[in-house]
Amino acid sequence: MTDNKVLEMDNVSFKYEKETVVKDVSLTIEAGQFFGLVGPNGSGKSTLIKLMLGLLKPTKGSIKLFGSPVRSFKHWEEIGFVSQKANSFNSGFPATVLEVVKTGLISKTGLFRFYNKNDREKAMQALKTVEMEDYFNHNIGELSGGQQQRVFIARALVSDPKFLILDEPTVGVDAKHVADFYQLLHKLNRNEGITLLMVSHDIGTITEHASHVLCMNKTIHFHGESHEYKAFSNEDLSRLYGHPVQQLTHNHGEVDPRD
Ligand code: ADP
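Structural notes, computed from the coordinates. (Residues numbered from 1 in each chain as written. Predicted model: local features only at pLDDT ≥ 70, side-chain atom pairs only at ≥ 80, totals over all residues. Heavy atoms only, no water.)

### Concerning the nonpolar core
Link 1 in the chain: Within the largest apolar cluster, 46 residues are counted, with the highest numbers of intra-cluster contacts made by Ile-153, Leu-164 and Leu-185.
Link 2 in the chain: Ile-29, Phe-35, Leu-37 and Met-52 belong to the second-largest nonpolar core, a separate cluster that totals 28 residues. (Core = buried A, V, L, I, M, F, W, Y, C linked by side-chain atoms within 4.5 Å. Buried < 20%, exposed > 50% of the residue type's maximum accessible area, 1.4 Å probe, protein only.)

Put into structure tokens, the structure is as follows:
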């Protein structure tokens, strides 16, 4: 059913000047799926996301979001994006958690307007979903990497997205909080019905949590269910990555003393 399709890429290629970094990519993401996107550094993962978000124009092929070509797609409030660098505010940044979450409403409309009471309620509700409502009045820079990442997820949730894209969200999250972070993603996926696409360098952990895996190095090497991906041998993976890789390497984030 077309209705079920959140993202469709058909034979998409992209080059920055001369170098082709995405080559003949065809894939479909359906409503309710939790996709892990893996691949070595420089394999085109971020470029693929920029193509999905309409920030780059494919050199070839077509991309649809919820059945509409990305170029004419209008419902950007249905797409949430949390970037890799989102959680790196330093302690001097002068914005409260609530203010950061509310900017999620402006970025979707593209228009400056004063916030109303309803916006505040929406922002507080989003903070509640990520279990950060008690911190609404804290300065964003005071929080740990993991807490900031939750706030940036709330910022993406404030417009009620149906599809949430996260670029390496566990970078900067303390090892002991990575499991809680995945709990949150499961809650968003299963309870709130949000389709997820998460870029990760941690193959072992992502294949345990995501329902589906997309493994790329310019072109797609695997697109299917996580349990099938686990059948990839370490030799296959190491060949793809160009260095030794193990399916069950658990690299549980970094240590942040504030967590
Ligand atoms: P990944 O996210 O998998 O690490 P990227 O999509 O960031 O990969 O990069 C893929 C390739 O494209 C890399 O070789 C990178 O150097 C190149 N690249 C990324 N951004 C640009 C850019 N703005 N201009 C030129 N080359 C770029």
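Following the structure, the description resumes.
### Some details on the sheet that holds strand S6 (residues 79-82)
Link 1 in the chain: In space, the 6 strands of this open sheet follow the order S6-S7-S8-S3-S9-S10, with mixed pairing throughout. Sheet topology places S6 and strand S10 (219-225) at the edges, where each strand pairs with a single neighbour. Looking at each pair of strands side by side, their axes are set apart by 15 degrees on average, direction ignored.
Link 2 in the chain: Both strand S3 (residues 34-38) and strand S8 (residues 195-199) contribute to a ladder of 4 bridges, which runs parallel. When the sheet's bridge partners are listed, Phe-35 is paired in S8 with Leu-197.
Link 3 in the chain: On top of the sheet, helix H5 (residues 175-191) reaches S3, strand S7 (163-167) and S8; it is set at about 150 degrees to S8, its chief contact. (Pairing = 2+ DSSP bridges. Helix = DSSP H or I, 4+ residues; strand = E, 2+ residues; numbered from the N terminus. Axes fitted to C-alpha atoms, helices over the stretch in contact; angles between N-to-C directions. Contact = heavy atoms within 4.5 Å.)

### Topic: the pattern of salt bridges
Link 1 in the chain: The tally for this structure, following the rule as stated, stands at 6 salt bridges.
Link 2 in the chain: Between Lys-23 and Asp-24 there is a salt bridge, with its nearest N and O atoms 3.3 Å apart.
Link 3 in the chain: For Lys-23, a relative accessible area of 44% translates into the label partly exposed.
Link 4 in the chain: Between Lys-187 and Glu-131 there is a salt bridge, with its nearest N and O atoms 3.4 Å apart. Here Lys-187 is found in helix H5, whereas its partner Glu-131 is found in the loop between helix H3 (117-129) and helix H4 (145-157), with 56 residues between them in sequence.
Link 5 in the chain: Residue Lys-187 is classed as partly exposed on the basis of its relative accessible area of 24%.
Link 6 in the chain: Connected through salt bridges with shared partners, the residues Lys-23, Asp-24 and Lys-60 form a single ionic network. (Salt bridge = Lys/Arg side-chain N within 4 Å of Asp/Glu carboxyl O.)

### Regarding the site of the ligand
Link 1 in the chain: Neighbouring the ligand are Tyr-16, Glu-19, Val-21, Pro-40, Asn-41, Gly-42, Ser-43, Gly-44, Lys-45, Ser-46 and Thr-47.
Link 2 in the chain: In this structure, an oxygen atom belonging to the ligand sits 3.1 Å away from a main-chain N or O atom of Gly-44.
Link 3 in the chain: A distance of 2.8 Å separates an oxygen atom of the ligand from a polar atom in the side chain of Ser-46.
Link 4 in the chain: Calculation on the ligand without its partners gives an accessible area of 560 Å², and the protein chains cover 58% of this total.
Link 5 in the chain: The set of elements that each furnish at least two residues to the shell around the ligand consists of strand S2 (19-30) and helix H1 (45-52). (Near = heavy atom within 4 Å. Polar contact = N/O pair within 3.5 Å; in protein donor to acceptor, adjacent residues only side chain to side chain. Areas by Shrake-Rupley, 256 points an atom, 1.4 Å probe, with all protein chains shown as cover.)

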